[in-house]
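Listed here are the chains, written in short residue letters.
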Amino acid sequence: MIFARRSTTPSPAHAARLIGLGAYLPPKKVPNADFAARLDTTDEWIRTRIGIAERHIADPATATSDLAVEAGRRAMKSAQVEYVDAVILATATPDHHVPGTAPLVADQLGLPQVCAFDLGAGCSGFVYATTVAAGLIHAGTAGTVLVIGAEKMSAVVDPADRSTAPIFGDGAGAVVLTAGQADEPGALGPTAWGSEGKHADAICIPAGGSRRPSRTVDDLKNQYVHMKGNEVFRHAVRRITHVTQEAAAAAGWRIQDVDRLIVHQANARISAAVADALGIPPERVPANITHVGNTSAASIPLLLSHAAIDGRLKARQRVLVTSFGAGFTWAATTLLWPVDLQALV
Ligand code: UT7
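Residues numbered from 1 in each chain as written. Predicted model: local features only at pLDDT ≥ 70, side-chain atom pairs only at ≥ 80, totals over all residues. Heavy atoms only, no water.

### Quick notes on the site of the ligand
Applied cut-off: Think of it this way: one heavy atom of a residue within 4 Å of a molecule or strand is enough to make that residue near it. Between N or O atoms, a polar contact is any pair within 3.5 Å; within protein, one atom must be a potential hydrogen donor and the other a potential acceptor, and residues adjacent in sequence are included only when both atoms are from side chains. Computed with the Shrake-Rupley method and a 1.4 Å probe, the accessible areas treat only the protein chains shown as cover for residues. The secondary structure listing takes helices from DSSP runs of H or I that are at least 4 residues long and strands from runs of E that are at least 2 residues long, numbered from the N terminus.
Around the ligand sit 22 residues, and of these Thr 41, Arg 49, His 264, Asn 267 and Asn 294 come closest. Asn 267 is positioned such that a nitrogen or oxygen atom in its side chain is 2.7 Å from an oxygen atom of the ligand. Interatomic distance of 2.9 Å between a side-chain N/O atom of Arg 269 and an oxygen atom of the ligand. In isolation the ligand offers 940 Å² of accessible surface; the protein chains occlude 72% of this area. It is helix H6 (residues 229-251) that contributes the most residues to the shell around the ligand, four residues altogether.

Printed below as a string of structure tokens:
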């Protein structure tokens, strides 16, 4: 029998520190032209209204856990760790309703007995999950935590719906967090977060849960994601702007001190409106939506990985990470970019 072991001897820490970063995109790229060929849309509309040129789509045999395992493996390799005390998977597209997907991922990563659970907070799931991980580390419950955001959005998007199908993509990203000091590179700052469930129907999959089990539903469309795009857009700009200000204030930062604003990649126009409202110049707002689309809970760790690899994130920069999604949920946190972090993609 294998008994659980600990990565370190945990003791209450002052902060969680980022030590590993990785991402995985399924190889197949789908350009806008594929949607324009079968839906009432155009490459130009998708580029100008959303900012997307292509997205990666997993093949039918690939599940969210497969994407998560690849990203998790890369983050652990980047951190040079073979063991973590907990795995938290942020996802809106789990492999199954039961069991959770995180235990499958942990098992595949050679972590068969660690604490592993899913966290569902839509596109805010990754920031929620890093906050929970930081709390576990802060309390001394865990020494090192693997946090993954992974989505197979193509499994829940109606291929015939032009208002959602071109928007979403598949992918996964992951970080390894460990105990550290609040002022050292890699340290996560305080999180500002919240939710507003009265807008639950603005982004939702109406059927397939306990409210409306699949077996009672004859309309397949209700098992796909529905989004009131324009309503979501307006709330997203307002909430992301506000929660970003709250997170900066909690960390004792002024907005003008933010070197990089990492915004959930939902729509290039949302990121631009937020940056404009905050007075942050566009060159401080990295983006990768053009090539990956909206990957929901995977969006932020994917962007962190891509921006780290192409040099847009550098040691000791003040990074503010901010998100908004289904629920509604929103969350933002600060991060001092680590020294010598090798992201793996
Ligand atoms: O990640 C979680 C959070 N999600 C988001 O933050 C998404 C936020 N929302 C958005 O990004 C945008 O609202 C969308 C990209 C979804 C839609 O863009 P929009 O500029 O808000 O368009 P709209 O919904 O106001 O629709 C404008 C028009 C409509 O036509 P009519 O009624 O004016 O004739 C739509 O039917 O654009 C139409 N439309 C399209 N036209 C061509 C909607 N989708 C498409 C399309 N191609 N793919």
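Structure shown, so let's carry the discussion forward.
### Looking at the sheet that holds strand E8 (residues 188-195)
The condition is simple: Pairing between strands requires that DSSP locate at least two bridges from one strand to the other. Angular values range over 0 to 180 degrees, each being the angle between N-to-C directions of two axes fitted as lines to C-alpha atoms, with helices fitted over their stretch in contact.
Spatial ordering of the open sheet is given by E8-E13-E12-E11, a layout of four strands whose pairing is mixed. Two strands in the sheet have a free side with no partner beyond their single neighbour: E8 and strand E11 (260-263). Each neighbouring strand pair of the sheet contributes to a mean axis angle of 15°, computed without reference to strand direction. Judged from the four bridges that link them, E11 and strand E12 (residues 318-325) form a sheet pairing that is parallel. Among the inter-strand pairings, Val 263 is bridged to a residue of E12, identified as Thr 322.

### Some remarks on the environment of Ala 332
Applicable threshold: Pairs of residues are marked as contacts when any of their non-hydrogen atoms sit within 4.5 Å.
Checked against the element boundaries, Ala 332 lands in strand E13 (residues 329-336). As a C-alpha pair, Ala 332 and Pro 190 span 142 residues in sequence and 8.5 Å in three-dimensional space. Setting aside chain neighbours within four positions, we find Ala 332 in contact with Val 127, Pro 190, Thr 191, Ala 192, Val 243, Thr 244, Ala 247, Leu 320, Val 321 and Thr 322.

### Re the environment of Pro 159
Along the polypeptide, Pro 159 turns up in the loop between strand E6 (144-152) and strand E7 (170-180). Every residue in contact with Pro 159, bar those within four places of it in the chain, is listed here: Arg 38, Leu 39, Ala 165 and Tyr 224.

### Some remarks on the packing of H6 against helix H7 (residues 268-278)
Which entries qualify depends on this criterion: Any angle from 65 to 115 degrees is called roughly perpendicular, while one under 35 is roughly parallel, one over 145 is roughly antiparallel, and all others are oblique. Handedness of each helix crossing follows the sense of rotation of the near helix against the far helix: counterclockwise by less than a right angle gives left-handed, clockwise gives right-handed. Note on residue categories: nonpolar means Ala, Val, Leu, Ile, Met, Phe, Trp, Tyr, Cys or Pro, charged means Asp, Glu, Lys or Arg, and polar means any other residue, Gly included.
Relative to each other, H6 and H7 sit at 45°, their axes nearing to 9 Å. In terms of their interaxial angle, H6 and H7 are classed as oblique. The crossing of H6 and H7 is right-handed. Listed contacts from H7 to Phe 233, Ala 236, Val 237, Ile 240, Thr 241, Thr 244 and Gln 245 of H6 are Arg 269, Ile 270, Ala 273, Val 274, Ala 277 and Leu 278. Grouping the amino acids of the contact of H6 with H7 by side-chain chemistry returns nine nonpolar, three polar and one charged.

### Digging into helix H3 (residues 64-79)
Put simply, the rule is: A helix is expected to span 1.5 Å for every residue after the first. The buried label goes to any residue with under 20% of its type's maximum accessible area, the exposed label to any with over 50%, and the partly exposed label to all in between, with areas taken from a 1.4 Å probe on protein chains only.
End to end, H3 covers 22 Å across 16 residues, agreeing with the expected 22 Å (1.5 Å per residue, within 8%). Those residues of H3 not exposed but buried are Thr 64, Ser 65, Leu 67, Ala 68, Val 69, Ala 71, Gly 72, Ala 75, Met 76, Ser 78 and Ala 79. Backbone geometry just downstream of H3 places Gln 80 in the positive-phi region, at approximately 55°.

### So, the packing of aromatic side chains
Going by this rule: Aromatic rings from Phe, Tyr and Trp, taking only the six-membered ring of Trp, are treated as a pair when their centres fall within 6.5 Å; an angle between ring planes under 30 degrees marks them as stacked, one over 60 as edge-to-face, and anything in between as tilted.
Applying the stated rule across the entire model yields two aromatic pairs. Centre to centre, the rings of Tyr 128 and Trp 193 are 4.9 Å apart; their planes meet at 55°, and the pair counts as tilted. Within this pair, whereas Tyr 128 is found in helix H5 (residues 125-139), its partner Trp 193 is found in strand E8, the two being separated by 65 residues in sequence. The class for Trp 193 is partly exposed, based on a relative accessible area of 42%. Relative to Phe 328, the ring of Phe 324 lies with its centre 4.8 Å away and its plane at 50°, an arrangement referred to as tilted. For the pair shown, Phe 324 and Phe 328 are each scored as buried.

### Considering the pattern of salt bridges
Test applied: The term salt bridge refers to a side-chain nitrogen of Lys or Arg lying within 4 Å of a carboxyl oxygen of Asp or Glu.
Evaluated as defined, the whole model comprises 10 salt bridges. One salt bridge in this structure joins Asp 40 and Arg 162, with 3.5 Å as the shortest N-O distance. Placement of the pair is Asp 40 in the loop between helix H1 (32-36) and helix H2 (43-49) and Arg 162 in the loop between E6 and E7, with a sequence separation of 122 residues. Its relative accessible area of 63% is what places Asp 40 among the exposed residues. Connected via shared salt-bridge partners are Glu 196, Lys 198 and Arg 239.

### Brief notes about the domain arrangement of the protein
Defined as follows: Domain limits in this description derive from either an automatic procedure or a database domain assignment. Here the quantity called buried area is the accessible surface, traced with a 1.4 Å probe, that two parts lose on coming together, added over both.
Taken domain by domain, the protein comprises domain 1 (15-180) and domain 2 (192-336). Its C-alpha centre places domain 1 at a distance of 14 Å from the equivalent point of domain 2. On the domain 2 side, the residues contacting the 46 residues of domain 1 number 42 residues. With both sides pooled, the region where domain 1 packs onto domain 2 buries about 3,300 Å², and carbon together with sulfur makes up 64% of that total. Linking domain 1 with domain 2 are one salt bridge, by the criterion used here.

### Here we look at the sheet that holds strand E5 (residues 115-119)
Strand pairing within a sheet occurs via backbone hydrogen bonds; the two strands may be parallel or antiparallel. Read across the sheet, five strands follow the order E1-E7-E6-E4-E5 without closing on themselves; strand pairing throughout is mixed. Across the chains shown, the open sheet's two edge strands, defined by having one partner strand only, are strand E1 (15-24) and E5. Averaged over all pairs of adjacent strands, the angle between strand axes in this sheet comes to 20°, irrespective of strand direction. Direction of pairing for strand E4 (residues 86-90) relative to E6: parallel, over a ladder of five bridges. Residue pairing for E6: Ala 86 is matched across the bridge by Val 145. Relative to E1, H3 is tilted by about 125°, and along the sheet it contacts E1, E4, E6 and E7.

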